[in-house]
There are 2 protein chains.
Amino acid sequence: MKKPHVTIHDIAKELNVSASTVSRALQNHPRISESTRTAVQKMAEQYNYQPNVAAASLRSGRSKTVGVIVPRINRNFFSNVIGGLEESLAASGYHLMICQTHEQYANEASAIQTLINARVDAIILSISMETRNNEHLQGLMEKEIRLFFFDRALEDVETGSVVVDDKLGAYLSVKHLLEQGYRRIIHVAGADHINIYHARKEGYLQAMNEAGIEVPDQWILEKPLMVQGGEAAFLTGMNLSPKPEAFFCAGDYAALGVLQAAKSNGVNVPEDLGITGFANEPFTAFLEPSLTTVDQKGGVMGKMVAQMFLNCEEKTTLSATCEKIVLQPELIIRNSSILNR
Amino acid sequence: MKKPHVTIHDIAKELNVSASTVSRALQNHPRISESTRTAVQKMAEQYNYQPNVAAASLRSGRSKTVGVIVPRINRNFFSNVIGGLEESLAASGYHLMICQTHEQYANEASAIQTLINARVDAIILSISMETRNNEHLQGLMEKEIRLFFFDRALEDVETGSVVVDDKLGAYLSVKHLLEQGYRRIIHVAGADHINIYHARKEGYLQAMNEAGIEVPDQWILEKPLMVQGGEAAFLTGMNLSPKPEAFFCAGDYAALGVLQAAKSNGVNVPEDLGITGFANEPFTAFLEPSLTTVDQKGGVMGKMVAQMFLNCEEKTTLSATCEKIVLQPELIIRNSSILNR
DNA sequence: AAAAACTGTACAATCGATTGCGCAAATTCA
DNA sequence: TGAATTTGCGCAATCGATTGTACAGTTTTT
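Asks: Help me understand the relation of the copies chain B and chain A, please; the structure alone is not making it clear to me.
Replies: The two chain copies are connected by a rotation around an axis plus a translation along it. By a simple turn and slide, chain B fits onto chain A: the slide is 0.0 Å along the axis, the RMSD is 0.1 Å, and the turn is 180°. Overall, the copies show the geometry of a two-fold rotation axis.

Quick look at the structure:
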């Protein structure tokens, strides 16, 4: 007893008008009389008519869906962004199609193909660690699919983006450490070719520079930003002499690694060693000591990208798509970096 | 310089055959000769032909997308499930369309409508806290859209589901507490009309029962499973006399609330009070003491639902869709529940 | 009053892939 | 050799919505 979907033809037949009139009435086309318009709309309501997106998409070439590509969907930051995107876009009748790259370029390229194939109206992308060029994005230009970056962006692609001011976040974090009295501050850095990690390093260097502190190369430890990377950084760093007084980590998991290593080596945090992270992962609030970190405003970021896309859709000008929004990060000061003296 | 998408007609023209031949060749239709088949496929490859999903969907009525509805996408468990789903389904050429309910029935109903409207091939659902009946699911039957539940399921709907054995998880957790020597164990429970929370309570009761412990009503505290709920439960529970010796919480955040309240009230964990949670949120490993909890196998669950759906797609029998898979949860024993005596 | 402009609607093509039907050529069978 | 079957492929309808064009009837302009 399958009830088929109601079509405009069903409505048309019921009202003795043509399907095109129904279509126009539903779009509030000016050339449809008030009376038939309301009649059609009432009938559509009554039958719970839902337009067939496939048909509309086929004809119009626009699918009312947006593709989202993230490294991993189950990272707190990314799922927050997706949450924000979903809220804003669903309100305007758009759907989300989600792909993960697992930080691999090949997956990213195939996700792009998949989404082109699905005729998405736009792609919202945060590039993988492996991504260093934009070859895989060429197809989008050819097919005139809009592209937006968030958080991790390729510098040389002219397109809209919403990022957080990573340099500022790092700067604030390091400045805070300096104000607390920590001087010899190690930076546990991420892969330098990713814009955000590069920017975090820059912020670190600027803060140190302004404080008149020379940063030797050994103070910058590029590591995988995971617990193990943090542990490794701790061991390497604590072998220096004089010993470092604080670690500014470009990621929370690395900071966690440093913290755990410090504890198991009998180093007191924050008294003997200050630690700050980056990302405001939920667990950071519950660590002991709780971890100072930088919030990247994932939800807000998602909403802003959505808004940027929706703006572009309204004015059909395909230009003006390359607005670049930079959000202010928020330094969240917790116990891992507070020296009471 | 927009390059339009390549269609079967382009390929047909190039090879001087008809579009239908191209279509059949690409589907390995038996009535197409080996030679033209390979010629078509080679040409399709060369032109990087991608079928237009909208057109295929319109004609065939199947969209090659699956709708997923979760309470919140940025909860660790749900994003793990989605990750698992995405991996398995992408491999078979399916896309995911994701909606969140924010635990509200109205949102769930409208998400269903949205997905019906998008002509998804199936809907994979974990119901919201507010959902108590299946009225909003009726439309799916009429439209013959397959439905699968994961984790949170409605008992009275005949459809496939993958859940974790919540009762067992709770049982194992409470049994572990009992083996450690804790006797007066409070249960911080979730809303009882949700199958999973009901099952966790049952597991608790069974373990207590087997240990010959009578559970007075006051030991079961139904609270919102968040930090505040845990704090409230701690305060209520510790007012009992004799004082409880452990808290088994139906959620990790509630357990965190209990833990924090215990600490700020000078109650030592695990010496004076054992605590266990449920869900294996990432932060639980980093608490002090680290929190004993139950892992729900989110990634595996996602993969299994995906597999169940794919199996149904193969054999076009619309029956046999109501297989019910129950996964074994894993008790993760950490420091918050270990009494060394 | 004739011409011009506007209103309201229908017709039909279109988007791209799928598929039932039909037909000719090739092959098998009697 | 003629009939029956099989093979290979094209034609044309179809899915449902959109949209340019046409056209009759009305209203406005000159």
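Read on, since the account is not over.
Asks: Mind showing me how you'd approach the packing of helix α2 (residues 19-26) of chain A against helix α3 (residues 34-47) of chain A here?
Replies: The relative placement of two packed helices is expressed as an angle between their axes plus a distance between the axes. All names here are of chain A. For the pair α2 and α3, the least separation of the axes is 9 Å and the interaxial angle reads 90°. Judged on the interaxial angle alone, α3 and α2 are roughly perpendicular. Contact residues: α2 offers V22, A25 and L26, while α3 offers R37, V40, Q41 and A44.

Asks: Just to check I follow, could you spell out the protein's contact with DNA strand C for this structure?
Replies: Taken together, 25 residues lie around DNA strand C, and T21(A), I8(B), R24(B), Y49(B) and R59(B) are the ones closest in. When the atoms of DNA strand C within 4 Å of the protein are sorted by group, sugar and phosphate make up 47%. For DNA strand C, a base nitrogen lies 3.1 Å from a polar atom in the side chain of R31(A). Separating a phosphate oxygen of DNA strand C from a side-chain N or O atom of S23(B) is a distance of 3.0 Å. Of all the secondary structure elements, the ones that give two or more residues to the surface near DNA strand C are α2 and α4 (53-60) of chain A together with α1 (8-15), α2 (19-26) and α4 (53-60) of chain B. Partitioned by chemical class, the residues of the surface near DNA strand C number eight nonpolar, twelve polar and five charged.

Asks: Explain the protein's contact with DNA strand D to me, please; I cannot follow it from the model alone.
Replies: Looking at DNA strand D, there are 25 residues lining it, with I8(A), R24(A), Y49(A), R59(A) and T21(B) nearest. Put simply, 49% of the atoms of DNA strand D that lie within 4 Å of the protein are in sugar or phosphate. A distance of 3.2 Å separates a base nitrogen of DNA strand D from a polar backbone atom of A55(A). Here a base oxygen of DNA strand D and a side-chain polar atom of R59(B) are 3.2 Å apart. Within the residue set of the surface near DNA strand D, elements represented by two or more residues are α1 (8-15), α2 and α4 of chain A together with α2 and α4 of chain B. Grouping the constituent residues of the surface near DNA strand D by class yields eight nonpolar, twelve polar and five charged.

Asks: What is the right way to look at the environment of R152(B) in this model?
Replies: All names here are of chain B. With respect to the element layout, R152 can be found in the loop between β4 (146-150) and β5 (160-164). Given a relative accessible area of 2%, R152 falls into the buried group. For the pair R152 and N28, spaced 124 residues apart in sequence, the C-alpha separation works out to 41 Å. A polar side-chain atom of R152 sits 2.9 Å from a polar atom in the side chain of E103.

Asks: Just checking my understanding: could you explain the environment of C312(B) for this structure?
Replies: All names here are of chain B. Relative to the helices and strands, C312 is located in helix α12 (residues 298-314). Its relative accessible area of 5% is what places C312 among the buried residues. Taking the C-alpha atoms as reference points, C312 and A246, 66 residues apart in sequence, are found 45 Å from one another.

Asks: Would you mind going over the pattern of salt bridges with me for this structure?
Replies: It is possible for side chains bearing opposite charge to pair when their charged atoms get close. Enumeration according to the criterion identifies 20 salt bridges over all chains in this entry. In this structure, K263(A) engages E288(B) in a salt bridge whose closest nitrogen and oxygen atoms are separated by 1.9 Å. With K263(A) in helix α11 (residues 252-264) and E288(B) in the loop between β9 (274-276) and β10 (293-295), this residue pair bridges two chains. Assessed through its relative accessible area of 36%, K263(A) is described here as partly exposed. Between D192(B) and K201(B) there is a salt bridge; the shortest N-O distance is 3.0 Å. Overall, D192(B) belongs to the partly exposed group, its relative accessible area being 27%.

Asks: Sorry, what's going on with empty space enclosed by the protein here?
Replies: By rolling a water-sized probe across the atoms, one finds the places where empty space is left. This structure, assessed with the given rule, holds one cavity of 30 Å³ or more. In this structure, the largest cavity encloses a volume near 260 Å³. Looking at the largest cavity, it is lined by 18 residues, and the ones nearest its centre are V53(A), A118(A), V53(B), S63(B) and T65(B). Of all elements in the fold, only α4 and β2 (95-100) of chain A together with α4 and β2 (95-100) of chain B reach the threshold of two or more residues within the lining of the largest cavity. The class makeup of the residues in the lining of the largest cavity is eight nonpolar, eight polar and two charged.

Asks: For this particular structure, what's the right way to read the sheet that holds strand β7 (residues 220-222) of chain A?
Replies: Two pairing modes exist for strands in a sheet, parallel and antiparallel, and in both the strands are linked by backbone hydrogen bonds. Residue and element names in this part refer to chain A. Ordered by their spatial adjacency, four strands build an open sheet running β7-β6-β8-β9, and the pairing between neighbours is parallel. Each edge of the open sheet carries a strand with a single partner, namely β7 and β9 (274-276). Taken pair by pair, the neighbouring strands of this sheet meet at an average axis angle of 15°, ignoring direction. In this structure, strand β8 (residues 246-249) lies alongside β9, joined through three bridges in parallel fashion. Paired with F248 across the bridge in β9 is T276. Strand contacts of helix α8 (residues 166-180): β6 (185-189), β8 and β9, with the helix running at about 170° to β8, the strand carrying the most contacts. Packed on one face of the sheet, helix α9 (residues 195-210) meets β6, β7 and β8 and runs near 170° to β6.

Asks: Can you walk me through the interface of chain B and chain A in this structure?
Replies: Much of the literature gives interface size as the accessible area that the parts lose upon coming together. Across the contact, 49 residues belong to chain B and 49 residues belong to chain A. Between chain B and chain A the total buried area reaches about 4400 Å² when both faces are included, carbon and sulfur atoms providing 55% of it. The largest per-residue losses of area from chain B upon contact with chain A belong to H5(B), R119(B) and F286(B), which jointly make up 15% of the total buried on that side. Taken together, the connections running from chain B to chain A amount to two salt bridges.

Asks: Help me understand the sheet that holds strand β7 (residues 220-222) of chain B, please; the structure alone is not making it clear to me.
Replies: Residues and elements named next belong to chain B. With parallel pairing, the four strands of this open sheet are ordered in space as β7-β6-β8-β9. Looking at strand neighbours, the two that pair on one side only are β7 and β9, the edges of this open sheet. Across the sheet, the mean angle separating the axes of adjacent strands is 15° when strand polarity is ignored. Strand direction decides the pairing type here: strand β6 (residues 185-189) and β7, joined by three bridges, are parallel. For V188, the partnering residue across the bridge sits in β7 and is L221. Packed onto the sheet, helix α8 (residues 166-180) meets β6, β8 (246-249) and β9 and runs at close to 170° relative to β8.

What counts and what doesn't
Residues numbered from 1 in each chain as written. Chains lettered and ligands numbered in written order. Predicted model: local features only at pLDDT ≥ 70, side-chain atom pairs only at ≥ 80, totals over all residues. Heavy atoms only, no water. Least-squares fit on C-alpha atoms with pLDDT ≥ 70 in both. Axes fitted to C-alpha atoms, helices over the stretch in contact; angles between N-to-C directions. Helix = DSSP H or I, 4+ residues; strand = E, 2+ residues; numbered from the N terminus. Parallel < 35°, antiparallel > 145°, perpendicular 65-115°, else oblique. Contact = heavy atoms within 4.5 Å. Near = heavy atom within 4 Å. Polar contact = N/O pair within 3.5 Å; in protein donor to acceptor, adjacent residues only side chain to side chain. Nonpolar A, V, L, I, M, F, W, Y, C, P; charged D, E, K, R; others polar. Buried < 20%, exposed > 50% of the residue type's maximum accessible area, 1.4 Å probe, protein only. Salt bridge = Lys/Arg side-chain N within 4 Å of Asp/Glu carboxyl O. 1 Å grid on protein atoms, 1.4 Å probe; cavity = no way out; pocket = protein on both sides within 12 Å on 5 of 7 lines; lining within 4 Å. Points joined across faces, edges and corners; volume = space filled by probe spheres on them. Pairing = 2+ DSSP bridges. Buried area = accessible area lost by both parts, 1.4 Å probe.

The analysis is restricted to geometry; functional conclusions fall outside its scope.
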